[in-house]
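Listed below are the residues making up each chain.
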Amino acid sequence: MPPSSRKLKTLPLADLAHWISQRPGLGELLDRQTSSTPRPVYVSDHPDRVDRIERGYGQAHKPEEYLREFSDYLKRHSNEIPALLTVLTRPRDLTRAQLRELALALDAAGFSETRLATAWRELTNQDIAARIVGYIRQAAIGDPLLPYSERVDHALQQLLAHPPGGSPWTTPQREWLKRIAAQTKANVLVDCAALDDPDLIFKREGGGFSRLDKIFNGQLQPILAAFNDALWVTQPKSA
């Protein structure tokens, strides 16, 4: 009586090899088709070649379909996701917590920043690091899609040239505005809570909201709002 499959699994490798060597027809038996009609095996001697490479986008097969689905999703959910409504109507009020929640909701729906950037690049042949807020506003309200770093630089220059209240910036104020701009490029958004985040530079460099608010004469919150608002005003076309 042949050993059971369970017993075969427990045999030492040498014993298993000996058992198989004593049964020369075993390989042919295992390879034999169980169906009465043999299944043909097609063999080609031609060299392999790549005809085309296609990227899938979930239910969509083409980048334009994927971007159209994204636009439709935003229209259907603009009144259901508070952070989405803020991005479209009051971007200056957006918080980092809201931005994280929005990014997670979009990712769960199949619209990650990476996939949106890839679809846009394949459709337009333009590689634009617009960040997720930029892709949302472009798809929903037709904002020009610009590199986010360019938006930050433009907003910083506007703020430096036109200080709220009209009083010239002091040297420490200008330096801190430049640090805020740099962190905005890295983290998409700097709000009041970000200034107290130990993982960002503000605390490590002796900042924090309370201290910086004193440097800005108690006007730090509206200054941040003005900066974040300037990110999304009409901008010159990217070079």
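Scroll up to find the structure.
On a predicted model such as this, the values are computed, not experimentally measured, just so you know.

Caption draft 1: Focus on the overall build of the protein. Helix and strand content of the protein: 13 helices and zero strands. Reading the protein from its N terminus to its C terminus gives the helix and strand order α-α-α-α-α-α-α-α-α-α-α-α-α. Residues counted as buried form 36% of the 239 residues belonging to the protein. For the protein, restricting intrachain contacts to residue pairs at least 6 apart in sequence, the fraction spanning at least 24 positions comes to 59%. Element-wise, carbon and sulfur atoms account for 51% of the exposed surface of the protein, whose accessible area totals about 15,600 Å².

Caption draft 2: Layout of the pattern of salt bridges. Enumeration according to the criterion identifies nine salt bridges in this entry. Of the charged contacts, one joins Asp-197 and Arg-96 as a salt bridge, the two residues approaching to 2.7 Å between their closest N and O atoms. Here the residue Asp-197 occupies a position in the loop between α10 (171-187) and α11 (201-204), and Arg-96 occupies one in helix α6 (residues 96-108), the gap between them amounting to 101 residues. Between Asp-143 and Arg-137 there is a salt bridge whose closest N-O contact spans 2.8 Å. Judged by relative accessible area, which is 14%, Asp-143 ranks as buried. The class of Arg-137 is buried, set by a relative accessible area of 6%.

Caption draft 3: Structural detail: the nonpolar core. Phe-70, Leu-106, Ile-136 and Phe-202 are the most contacted members of the largest nonpolar core, which has 56 residues in total. Ranked by residue count, the leading element in this core is helix α9 (residues 148-161), at six residues. Not counting the four nearest positions on each side in its chain, Phe-202 is found in contact with Trp-176, Arg-179, Ile-180, Gln-183, Val-190, Ala-194, Leu-195, Gly-207, Gly-208 and Leu-212.

Caption draft 4: Looking closely at the packing of aromatic side chains. Enumeration over the complete set of coordinates arrives at six aromatic pairs. Ring geometry for Tyr-148 and Trp-232: centres 6.1 Å apart, planes at 35°, overall tilted. Within this pair, whereas Tyr-148 is found in helix α9, its partner Trp-232 is found in the segment after α13 (220-230), the two being separated by 84 residues in sequence. Linked through ring pairs, Tyr-66, Phe-70, Tyr-73 and Phe-111 together constitute an aromatic cluster. For Arg-179, the ring lying beneath its charged end belongs to Trp-176, and the centroid distance is 4.4 Å.

Caption draft 5: Just the packing of α9 against α13, in detail. Taken N-terminus to C-terminus, the directions of α9 and α13 make an angle of 130°; their axes are 8 Å apart at the nearest point. Here α9 is positioned oblique relative to α13, judged by the angle of their axes. Taken as a pair, α9 and α13 cross one another with a handedness that is right-handed. Along the contact surface, α9 presents Val-152, Ala-155, Leu-156 and Leu-159, while α13 presents Ile-223, Ala-226, Phe-227 and Ala-230. Of the residues in the contact of α9 with α13, the class split is eight nonpolar, no polar and no charged.

Caption draft 6: Here's a closer look at helix α4 (residues 63-77). In a regular helix each residue adds 1.5 Å, so 15 residues correspond to 21 Å; α4 covers 21 Å between its end C-alpha atoms and thus fits that length. Within the span of α4, buried status applies to Pro-63, Tyr-66, Leu-67, Phe-70, Ser-71, Tyr-73, Leu-74 and His-77. Taken down its axis, α4 places every buried residue within 155° of arc, on the same side. With respect to the buried face of α4, the exposed residues turned more than 90 degrees away are Lys-75 and Arg-76. Buried residues belonging to α4 abut α5 (82-89), α6, α7 (113-124) and α8 (131-141).

Caption draft 7: Spatial organisation of the packing of α9 against α10. Contact pair α9 / α10: the axes reach a minimum separation of 9 Å and the direction vectors enclose 160°. In terms of their interaxial angle, α9 and α10 are classed as roughly antiparallel. You can see that α9 and α10 cross each other, and the crossing is right-handed. The residues of α10 that touch α9, namely those facing Tyr-148, Ser-149, Val-152, Asp-153, Leu-156, Leu-159 and Leu-160, are Arg-174, Leu-177, Lys-178, Ala-181, Thr-184 and Lys-185. A class-by-class count of the residues in the contact of α9 with α10 yields seven nonpolar, two polar and four charged.

Conventions and cut-offs
Every residue gets a number counted from 1 within its own chain, in the order that chain's sequence is written. It should be noted that, the model being predicted, local features are given only for residues of pLDDT at least 70 and side-chain atom pairs only at 80 or more, the latter also being counted only at that level, while totals for whole chains, interfaces and linings use all residues. Only hydrogens and water are set aside; all other atoms, that is, all heavy atoms of the structure, feed into the side-chain values. Here a helix means four or more residues in a row that DSSP labels H or I, a strand means two or more in a row labelled E, and each is numbered from the N terminus. Burial classes: relative accessible area under 20% of the type maximum marks a residue as buried, over 50% as exposed, and values in between as partly exposed (1.4 Å probe, protein chains only). Contact between two residues is taken to exist if any of their heavy atoms lie within 4.5 Å; hydrogens are not considered. Using the Shrake-Rupley algorithm and a 1.4 Å probe, accessible areas are obtained, with residue cover drawn only from the displayed protein chains. Salt bridge, as used here: a side-chain nitrogen of Lys or Arg that lies within 4 Å of a carboxyl oxygen of Asp or Glu. Grouping buried Ala, Val, Leu, Ile, Met, Phe, Trp, Tyr and Cys residues that are joined through side-chain atoms within 4.5 Å yields what is termed a nonpolar core. Pairing of aromatic side chains requires ring centres within 6.5 Å, counting the rings of Phe and Tyr and the six-membered ring of Trp. Pairs whose planes differ by under 30 degrees are stacked, by over 60 edge-to-face, and all others tilted. In our convention, an over-ring charge means Lys NZ or Arg CZ found within 6 Å of a ring centre and within 35 degrees of that ring's normal. Between the N-to-C directions of two axes lies an angle of 0 to 180 degrees, each axis being a line fitted to C-alpha atoms and, for a helix, fitted only over the stretch in contact. The cut-offs work like this: below 35 degrees is roughly parallel, past 145 is roughly antiparallel, 65 to 115 is roughly perpendicular, and the gaps in between are oblique. Take the far helix as the reference: if the near one is turned anticlockwise from it by less than a right angle, the crossing is left-handed, and if turned clockwise, right-handed. For this classification, the nonpolar set comprises Ala, Val, Leu, Ile, Met, Phe, Trp, Tyr, Cys and Pro, the charged set comprises Asp, Glu, Lys and Arg, and every other residue, Gly included, is treated as polar. In a helix, the anticipated span is given by 1.5 Å times the number of residues less one. Regarding the arc, it is the one traced by the directions from the helix axis to the C-beta atoms.

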